[in-house]
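Structural overview
Given next are the chains, with one letter for each unit.
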Amino acid sequence: MDSLRVRLGLLGLALLTGFTVPPAASAAEAAPSPTVEEQRLDRAVPREILRRSGFDTVAPRLARALDEARSYAQARRAVAHEGGLLWRRAVDRAQGRGPAGGDLSRDDDRPLYWARLGMTREVRAWEPQFGLTDRQRATLLDELERTSRGQTALRYPHGKGLKRILVTGFDPFTLDRDIRISNPSGATALALDGTVIETAEGPARIETAVFPVRWRDFTEGTVERTLRPYLPKVDLFTTVSQGRVGRFDVERTNGAWRGGFADNDNIGRTETVPVADPASQPQWTTTTLPYRAIVAADTGRFPVYDNTGATEIPAGGTEPVVRPEGPTPGSTARAGGGGDYLSNEIAYRATLLRDRLGLHDVLPGGHVHTPVLQFGAGNTTEVTDPEFVRNRLDIITQVRTILRVAAEES
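Figured I'd write up the structure that's included with this text.

**Quick look at the overall build of the protein chain**
A count of helices and strands for the protein chain gives 13 helices and 14 strands. Taking 410 residues into account, the globule formula puts the C-alpha radius of gyration at 22 Å, and the protein chain, at 24 Å, falls close to it. Taking the principal axes of its C-alpha atoms as reference, the protein chain extends roughly 90 × 55 × 50 Å. Here the protein chain holds 410 residues, and 53% of them are scored as buried. Sequence separation of 24 or more characterises 77% of the internal contacts of the protein chain that already satisfy a separation of 6 or more. Of the roughly 18,400 Å² of accessible surface on the protein chain, a fraction of 54% belongs to carbon and sulfur atoms. Taken as two groups, the 53 positive and 53 negative side-chain charges of the protein chain have centres that lie 4 Å from each other.

**Notes on empty space enclosed by the protein**
For the coordinates displayed, the defined rule picks out three cavities of 30 Å³ or more. Roughly 50 Å³ of volume is contained in the largest cavity. Of all the elements in the fold, those that place two or more residues in the lining of the largest cavity are helix H6 (110-125) and helix H8 (184-192). A total of three residues in the lining of the largest cavity trace back to one element, the largest contributor, which is H6. Looking at side-chain class alone, the lining of the largest cavity contains six nonpolar, one polar and three charged residues.

**So, the environment of Leu 353**
Looking at where Leu 353 falls in the secondary structure, it is placed in helix H12 (residues 342-356). Measuring from C-alpha to C-alpha, the distance between Leu 353 and Thr 311 comes to 22 Å, with 42 residues separating the pair along the chain. What Leu 353 contacts, discounting residues up to four positions off in sequence, is Glu 224, Leu 227, Arg 228 and Leu 231.

**Some words on the environment of Glu 409**
Among the secondary structure elements, Glu 409 is positioned in helix H13 (residues 386-409). Counting along the chain gives 26 residues from Glu 409 to Val 383, while the straight-line C-alpha distance between them is 39 Å. Apart from residues lying up to four places away in sequence, Glu 409 is in contact with Pro 290 and Ala 293.

**Observations concerning H8**
Across the nine residues that make up H8, a large majority, nine, are buried. Turning to H8, its buried residues are Pro 184, Ser 185, Gly 186, Ala 187, Thr 188, Ala 189, Leu 190, Ala 191 and Leu 192. Positioned one or two residues after H8, Gly 194 has a phi angle of 75 degrees, which is positive.

**Considering helix H7 (residues 134-148)**
The end-to-end C-alpha separation of H7 is 21 Å, in line with the 21 Å expected for 15 residues at 1.5 Å each. Within the span of H7, buried status applies to Arg 137, Leu 140, Leu 141, Glu 143, Leu 144, Glu 145, Thr 147 and Ser 148. Residues of H7 that are buried make contact with helix H4 (58-68), helix H5 (72-94) and H6. A positive backbone phi angle near 80 degrees is found at Gly 150, which sits one or two residues after H7.

**Regarding the side chain of Thr 351**
The topology assignment puts Thr 351 in helix H12. Assessed through its relative accessible area of 0%, Thr 351 is described here as buried. A distance of 2.6 Å separates a polar atom in the side chain of Thr 351 from the backbone oxygen of Ala 347. For Thr 351, the contacting residues outside a window of four places in its chain are Phe 237, Asn 254, Thr 285, Thr 286, Gly 365 and Gly 366.

**So, the nonpolar core**
Core analysis: the biggest nonpolar cluster contains 37 residues, and Trp 114, Val 123 and Leu 140 have the highest contact counts within it. Of all the secondary structure elements, the ones that give two or more residues to this core are helix H3 (44-51), H4, H5, H6, H7 and H8. With eight residues, the top contributor of residues to this core is H5. When near neighbours in sequence (up to four residues on either side) are disregarded, Leu 140 contacts Tyr 72, Ala 75, Arg 76, Val 79, Val 123, Trp 126 and Leu 132. One finds Ile 165, Ala 204, Tyr 291 and Leu 373 within the second-largest nonpolar core, a separate group that totals 26 residues.

**Some remarks on the sheet that holds strand S14 (residues 365-370)**
Strand order in the open sheet made by the seven strands is S2-S3-S1-S4-S14-S5-S10, with mixed pairing throughout. The sheet is open, and its two borders are formed by strand S2 (196-199) and strand S10 (304-307), each paired with just one other strand. The mean angle between the axes of side-by-side strands here comes to 25 degrees, regardless of whether they run parallel or antiparallel. Of the strand pairs in this sheet, strand S1 (residues 163-170) and strand S4 (residues 236-242) are connected by four bridges, and their pairing is parallel. Across the sheet, the residue bridging to Ile 165 is Leu 236, located in S4. Against the sheet, H8 engages S1, strand S3 (202-211), S4 and S14, with an angle of about 135 degrees to S3.

About the thresholds
- Residues numbered from 1 in each chain as written.
- Predicted model: local features only at pLDDT ≥ 70, side-chain atom pairs only at ≥ 80, totals over all residues.
- Heavy atoms only, no water.
- Helix = DSSP H or I, 4+ residues; strand = E, 2+ residues; numbered from the N terminus.
- Rg over C-alpha atoms; globule rule 2.2 N^0.38 Å.
- Buried < 20%, exposed > 50% of the residue type's maximum accessible area, 1.4 Å probe, protein only.
- Contact = heavy atoms within 4.5 Å.
- Areas by Shrake-Rupley, 256 points an atom, 1.4 Å probe, with all protein chains shown as cover.
- Lys, Arg positive; Asp, Glu negative; His and termini not counted.
- Charge placed at Lys NZ, Arg CZ, Asp CG, Glu CD.
- 1 Å grid on protein atoms, 1.4 Å probe; cavity = no way out; pocket = protein on both sides within 12 Å on 5 of 7 lines; lining within 4 Å.
- Points joined across faces, edges and corners; volume = space filled by probe spheres on them.
- Nonpolar A, V, L, I, M, F, W, Y, C, P; charged D, E, K, R; others polar.
- Expected span 1.5 Å × (residues − 1).
- Polar contact = N/O pair within 3.5 Å; in protein donor to acceptor, adjacent residues only side chain to side chain.
- Core = buried A, V, L, I, M, F, W, Y, C linked by side-chain atoms within 4.5 Å.
- Pairing = 2+ DSSP bridges.
- Axes fitted to C-alpha atoms, helices over the stretch in contact; angles between N-to-C directions.

Here is the structure:
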């Protein structure tokens, strides 16, 4: 009782003299503000896309799960569960399973993108009573990113007689130019995940994952962390992104250079692509996809090109030079065939990883650029239209055919 009187007396003295009781060691750190990417959620187009797909329930569901969590461990389990559930729901919707949730075309990749941002914003703003450190919040966000992108759900059946194909896509980007934008590579990933294509040599199973359009994530190694366990086990891989208007390109060469274009958080980077062991880093990597066979095949309505170009600073030079036939010996990269943005970088990182794993001569892999996904003529405000849907479906179908040709030639 005496010790209790002492503690009460000290507390009363603190209150009277303006002192505060020291916070507990596990007290929560201030919740960060929403990112530039997350702030776009408040605009009309994202809200419409979420409503017309039924994905407007995703972020509130996660918010409820977080509110029910009584520990960091429970919160992490909830985030992983809800992230994985979002990926499966998006894949199922794209492949015609379960309810459509609204009148938006099932092949649309945008509900996944905007719903994920709603979830990350909930995690970023969450302030639990038990306290959350910056490091713990970052881990929750990482868990959510990986599970909701299919990066932790890559599964191939055991046994022989089945080829294994790995495909990656991207989020929508350049959203400040047109917030309605969809990315056909992300739509392709949803449409093809877990599917089997029949080739002349038997069935081939496709597994997919989607990556963010953010320099920071690539610097932190998201590509290598995702692909490293699987490249030694697959028979073919291709990274896919949106490229030029009206054409597909199989990119022959990838360069070790970031050209500075702003990402989805409006951050640019102009520098050599940062990788582990930079002392052994090459300026260029090359495709090992069977590009001649892909270009020669009738794969769909869009023409497919073997894109050999690159931009370099020649050995001994100081200014960039465009090389239509590819880089020259000893040159410094300034752009691969696919440019100097994150599409070039994912191709560079994936093929560099292939080579560092000793798989250059045995694993076909590289990058395919799809046509730009265009809206119908005159549509400058609506989130979708028949031509927009047709273009996306045709691109998805053509990527699938390109993969079949590549598998048969590998």
